[in-house]
Amino acid sequence: MSEGISLEELQLAARNHGLPLEALRWDVTPVGLHYLLTHYDIPVVDTTSWRLEIDGLVERPLSISLDDLRARPAVEVVSTMECAGNGRVHVEPHVVSQPWLLEAVGTGRWRGAALAPLLEEVGVAAGAVEVLFEGLDRGVEGEEEQVYARSLPLGEAMRDDVLLAYDVNGAALPPQHGFPLRLLVPGWYGMTSVKWLARIRVLDRPFDGYQQRHSYRLRQEEGETGEPLSRIQVRALMVPPGIPEYLTRARVVQAGECVLEGRAWSGEAEVAGVDVSTDGGESWADAELEPDSLGRWAWRRWRYEWNAEPGEHELCCRARDDAGNVQPLESPWNVGGYANNAVQRVAVTVTE
Ligand SMILES: Nc1nc2c(c(=O)[nH]1)N[C@H]1C(S)=C(S)[C@@H](COP(=O)(O)O)O[C@H]1N2
Ligand SMILES: [Mo]
């Protein structure tokens, strides 16, 4: 953060807000507190004329209205979504894009029609390898005019928890989260969950549009192909304890018993545990991890009782998952500043 951010980055940050970290206290994020990331403009959609088209390499192409979708059996998933760019501001050297600190995350109770039965209904033909999802929002990126579009391998698209979601937290999607319909792919970084869905196309080859071929890949150099991003890397965040100083957001805590709490998640495997450090990462202790009562795809609450002694402290939290992944202490660098899941550090002044 030392060099500061540009007016162009502020322009993006003002459009795409994060989750205020104190909102980690809610199991399910109130919709207005969920982070937001929109590459182009938020479209206005008239549901009387809107249809979802399903075509491409299928036997019986389908054009379906919102009422038809709502009449199908509904599936509900509580799912934590995180932007692949979360943590970008902490990588060095600086990467110019949406300047996320750590707050590009939220948990929704998403409800919609499962995608797999629809794909079965249209009849995916032999030779299909991917499913493409196209939004209604248009823009220019990398000098290419495009609609926002991303694909999924056919196997992932057929998972029974992949939804065409029309509700979040018990109400219709608000415009900014993809009204009237969005894809929801639990466990994958947010770019996968295409908002303002208009078309689903079954493809006989991997999609090579901008958001797949160029964006959302781990690259050490601009010219290289790199690896595509997919599942959310393990991370824990804490609610900043005590009270903030208005401008700097520096935390002030009263000496004595102080409960540190937060959430932990991983798209790769179940969260196995969370460690807390109150001395900047010199020593670590086990936090108490709550059971996954919200289901596999939701974050899990953790807590740690800290006896805060007067002075300056640096608090850290670090999660690990059942696949053996642990958060790194240092931020990994790549061209896009993606998937930086380095541990959170919170400076705290403890007063008498
Ligand atoms: N159509 C469309 N879908 C999109 C995007 C977009 O710009 N356009 N942004 C993606 C990205 S990068 C993220 S992180 C998530 C954010 O979803 P949210 O704004 O509902 O939190 O939506 C994804 N789906
Ligand atoms: Mo994102």
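Rules used throughout
Residues numbered from 1 in each chain as written. Chains lettered and ligands numbered in written order. Predicted model: local features only at pLDDT ≥ 70, side-chain atom pairs only at ≥ 80, totals over all residues. Heavy atoms only, no water. Domains from an automatic or database assignment. Contact = heavy atoms within 4.5 Å. Buried area = accessible area lost by both parts, 1.4 Å probe. Salt bridge = Lys/Arg side-chain N within 4 Å of Asp/Glu carboxyl O. Buried < 20%, exposed > 50% of the residue type's maximum accessible area, 1.4 Å probe, protein only. Helix = DSSP H or I, 4+ residues; strand = E, 2+ residues; numbered from the N terminus. Arc of directions from axis to C-beta. Near = heavy atom within 4 Å. Polar contact = N/O pair within 3.5 Å; in protein donor to acceptor, adjacent residues only side chain to side chain. Areas by Shrake-Rupley, 256 points an atom, 1.4 Å probe, with all protein chains shown as cover. Pairing = 2+ DSSP bridges. Core = buried A, V, L, I, M, F, W, Y, C linked by side-chain atoms within 4.5 Å.

Draft legend 1. Structural context of the domain arrangement of the chain. Domain parsing of the chain yields domain 1 (7–228) and domain 2 (235–351). Contact residues are listed per partner, giving 40 residues for domain 1 and 24 residues for domain 2. Overall, the association of domain 1 and domain 2 removes approximately 2900 Å² of surface from exposure, summing both partners, and the carbon and sulfur fraction of that is 58%. Taken together, the connections running from domain 1 to domain 2 amount to three salt bridges. For Glu82, the salt bridge is made with Arg235, and the minimal N-O distance between the two is 2.8 Å.

Draft legend 2. View of helix H3 (residues 115–122). Taken together, the buried positions of H3 are occupied by Leu115, Ala116, Leu118, Leu119 and Val122. Along the axis of H3, the buried positions cluster into a sector of 160°, meaning they face one direction only. Among the residues trailing H3, Gly123 stands out with phi positive, at a value near 75°.

Draft legend 3. Broad picture of the site of ligand 1. Taken together, 19 residues surround ligand 1, and among them His39, Asp137, His177, Arg182 and Lys195 come closest. A distance of 2.8 Å separates an oxygen atom of ligand 1 from a polar backbone atom of Tyr35. A distance of 2.6 Å is found between an oxygen atom of ligand 1 and a side-chain nitrogen or oxygen belonging to Lys195. Taking 530 Å² as the accessible area of ligand 1 by itself, protein coverage stands at 100%.

Draft legend 4. Summary view of the sheet that holds strand E18 (residues 285–286). On the basis of which strands lie adjacent, the open sheet formed by six strands has the order E14-E15-E22-E21-E17-E18 and mixed pairing. Of all the strands in the sheet, the pair left with one neighbour each is strand E14 (243–244) and E18.

Draft legend 5. A look at the sheet that holds strand E16 (residues 256–265). Taking strand neighbours across the sheet as the criterion, the four strands line up as E13-E16-E20-E19 in an open arrangement whose pairing is antiparallel. Of all the strands in the sheet, the pair left with one neighbour each is strand E13 (235–238) and strand E19 (288–289). Two strands pair when backbone bridges link them, and E16 and strand E20 (residues 300–308) are joined in this way by nine bridges, in the antiparallel orientation. Within E20, the position partnered with Arg263 by the bridge is Arg301.

Draft legend 6. Representation of the environment of Tyr216. Its location among the elements puts Tyr216 in the loop between helix H5 (210–213) and strand E11 (217–218). The sequence separation of Tyr216 and Met81 amounts to 135 residues, and the corresponding C-alpha distance is 15 Å. Setting aside chain neighbours within four positions, we find Tyr216 in contact with His39, Ala84, Tyr148, Arg150, Met191, Gln211, Glu227, Pro228, Leu229 and Tyr338. In terms of polar contacts, Tyr216 uses its side chain to reach the side chain of His39, at 2.8 Å.

Draft legend 7. Structural view of the nonpolar core. Formed by 49 residues in total, the largest nonpolar core has its most connected members in Leu52 and Leu164. At the level of elements, strand E1 (52–56), helix H2 (66–70), strand E4 (105–114), H3, strand E5 (130–141), strand E6 (144–153), strand E7 (163–168) and strand E10 (197–203) are the ones that each hand at least two residues to this core. Among the elements that line this core, the one with the most residues is H3, at four residues. When we break this core down by domain, the ones giving at least three residues each are domain 1 (7–228) and domain 2 (235–351). Beyond its immediate sequence surroundings of up to four residues, Leu52 is in contact with Leu62, Ser63, Ile64, Leu69, Leu164, Leu181, Leu197, Ala198, Arg199 and Ile200. Membership of the second largest hydrophobic core comes to 21 residues, among which are Ala236, Leu260, Ala308 and Leu315.

Draft legend 8. Representation of the pattern of salt bridges in the model. As enumerated under the stated definition, the model contains 26 salt bridges in all. For Asp55, the salt bridge goes to Arg199, with nearest N and O atoms at 3.0 Å. Residue Asp55 is found in strand E1, and its partner Arg199 is found in strand E10; the two are separated by 144 residues along the sequence. The partner of Glu222 in a salt bridge is Arg219, and the shortest N-O contact between them spans 3.4 Å. Among the residues examined, Arg219 registers a relative accessible area of 6% and is labelled buried. One network of salt bridges, in which partners are shared, links Arg25, Glu261, Glu290 and Arg301.

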